[in-house]
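Residue-level structural notes
So you can see what is in the structure, the chains are spelled out below.
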Amino acid sequence: MELFNIEQVGTKIEKQVPLSKYTFTKTGGPAEYLAFPQTITELKELVRYTFENEIPLTVIGNASNLIIRDGGIDGLVVILTQMNQIKVTDKQVTAQAGARIIDTAFTAAEHGLSGLEFAAGIPGSVGGAVFMNAGAYGGETCAVVKNVKVLTRKGEFKVYSNEEMKFAYRHSLIQENGDIVIAVDFTLKRDTKSKILADMNYLNALRKYKQPLEYPSCGSVFKRPKGHFVGPMIIEAGLQGKQIGGAQDSMKHAGFIVNKGNATATDYLDLIHLIQRVIKEKFKLDLQTEVRIIGKPTE
């Protein structure tokens, strides 16, 4: 039985699509159904339809800090990368959820607006950056967010102020209530374009030097425990370079796990669990994943 009446939905729906085509790890099972809405109206119709017909709905941005298990995802997967408009008004930048945070940062720089420099090398979407309060090199998304426009799971519009978003380290209200980010207003400050771009280029040079950008990865895997750094602990535990299947703890940065070739999501998860277990034994610390893990295991 078909879950979707295509005429009712009005958006192209694909069936049984391997999500490894879209994840930064190049791993992940199939989406039962997959859609790329191009407008907020299309997204709203999809959300409304799934709610009214009790169809599971999973919303994904740029799939950069994400592991999708090898069993894939039931119901409808919506990828927002076609909703990527960025608009500048005075000192405010408004970006749709599917816009890359990198593109948003460079658009701001072109208009002499400072505040998003830290995001110049973060490969995620604006929605993802807000969802997890992404940060790097001393900057965090929450510092520049004015408000967040969302759709509830019933397809209703809402706007949250910065204060209402409950931002904390790698956390936001959206993780609690399941709302879907559709657009974000950033309030920035004036500065010279040349200085902003110089700062961004410097941070990107640091990333290239320190991070294993030459391999597929899900970015930083673990949250940083208070008072500790994950990479040095992994090195001290003798796990840097450890490989399970095609997934390897990076020799360049121990806080990253890279796909050395034909890795599966199960390889990634087995290596994550091994690292967590050894760090717990050696340091009495529970490492929490920063990467989001979703989907079904293989049967």
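The following paragraphs examine the structure supplied in this document. Position numbers for residues count from 1 along each chain, tracking the sequence in the order it is written. For this predicted model, a pLDDT threshold of at least 70 governs which residues receive local features, and a threshold of 80 or more governs which side-chain atom pairs are given and counted, while totals over whole chains, interfaces and linings are taken from all residues. With hydrogens and water stripped out, all remaining heavy atoms of the structure feed into the side-chain values.

Re the overall build of the chain
Convention followed: For helices the rule is a DSSP run of H or I covering at least 4 residues; for strands it is a run of E covering at least 2, with both sets numbered from the N terminus onward. What the globule rule says is 2.2 Å times the number of residues to the power 0.38, and the radius of gyration is computed from C-alpha atoms. Think of it in three bands: with a 1.4 Å probe and only protein chains considered, a residue is buried below 20% of the maximum accessible area for its type, exposed above 50%, and partly exposed in between. In what follows, a contact means two residues having at least one pair of non-hydrogen atoms within 4.5 Å.
Secondary structure assignment for the chain yields eight helices and 19 strands. Taken over C-alpha atoms, the radius of gyration comes to 19 Å for the chain, in line with the 19 Å a tight globule of 299 residues would show. Viewed in the frame of its principal axes, the chain has a C-alpha envelope of about 55 × 55 × 30 Å. Buried residues in the chain amount to 50% of all 299 residues. Contacts in the chain between residues far apart in sequence, at least 24 positions, make up 65% of those at least 6 positions apart.

Some points on the sheet that holds strand S7 (residues 92-96)
For the record, the criterion: DSSP bridges decide pairing: two strands pair if at least two such bridges lie between them. Axis definition: a line fit to C-alpha positions, over the contact stretch in the case of helices; interaxial angles, taken between N-to-C directions, run 0 to 180 degrees.
Strands sit in the order S6-S7-S13-S11-S12 across an open sheet of five strands; the sheet is antiparallel. Each end of this open sheet is capped by a strand with a single partner; those strands are strand S6 (86-89) and strand S12 (157-161). Averaged over all pairs of adjacent strands, the angle between strand axes in this sheet comes to 15°, irrespective of strand direction. Across the sheet, helix H3 (residues 101-110) lies against S6, S7 and strand S13 (180-187), angled at about 30° from S6, the strand it touches most.

Focus on the nonpolar core
The test is simple: Residues enter a nonpolar core if they are buried and are Ala, Val, Leu, Ile, Met, Phe, Trp, Tyr or Cys, with the set joined through side-chain atoms within 4.5 Å.
Of all hydrophobic cores here, the largest spans 52 residues; its most connected members are Leu-43, Leu-116 and Phe-186. Per-element tally for this core: the top contributor is S13, with five residues. Beyond its immediate chain neighbours, meaning those up to four positions away, Leu-116 contacts Ile-101, Thr-104, Ala-105, Ala-108, Val-144, Phe-186 and Leu-188. One finds Ile-272, Leu-274, Val-278 and Ile-279 within the second-largest nonpolar core, a separate group that totals 25 residues.

Focus on the pattern of salt bridges
Operational definition: One speaks of a salt bridge when a side-chain nitrogen belonging to Lys or Arg is within 4 Å of a carboxyl oxygen belonging to Asp or Glu.
Taken as a whole and judged by the stated rule, the model has 13 salt bridges. A salt bridge links Asp-74 to Lys-296; the nearest nitrogen and oxygen atoms lie 3.0 Å apart. Within this pair, whereas Asp-74 is found in strand S5 (residues 73-79), its partner Lys-296 is found in the segment after strand S19 (292-294), the two being separated by 222 residues in sequence. Overall, Asp-74 belongs to the partly exposed group, its relative accessible area being 38%. A network of salt bridges, in which partner residues are shared, links Glu-45, Arg-48 and Glu-52.

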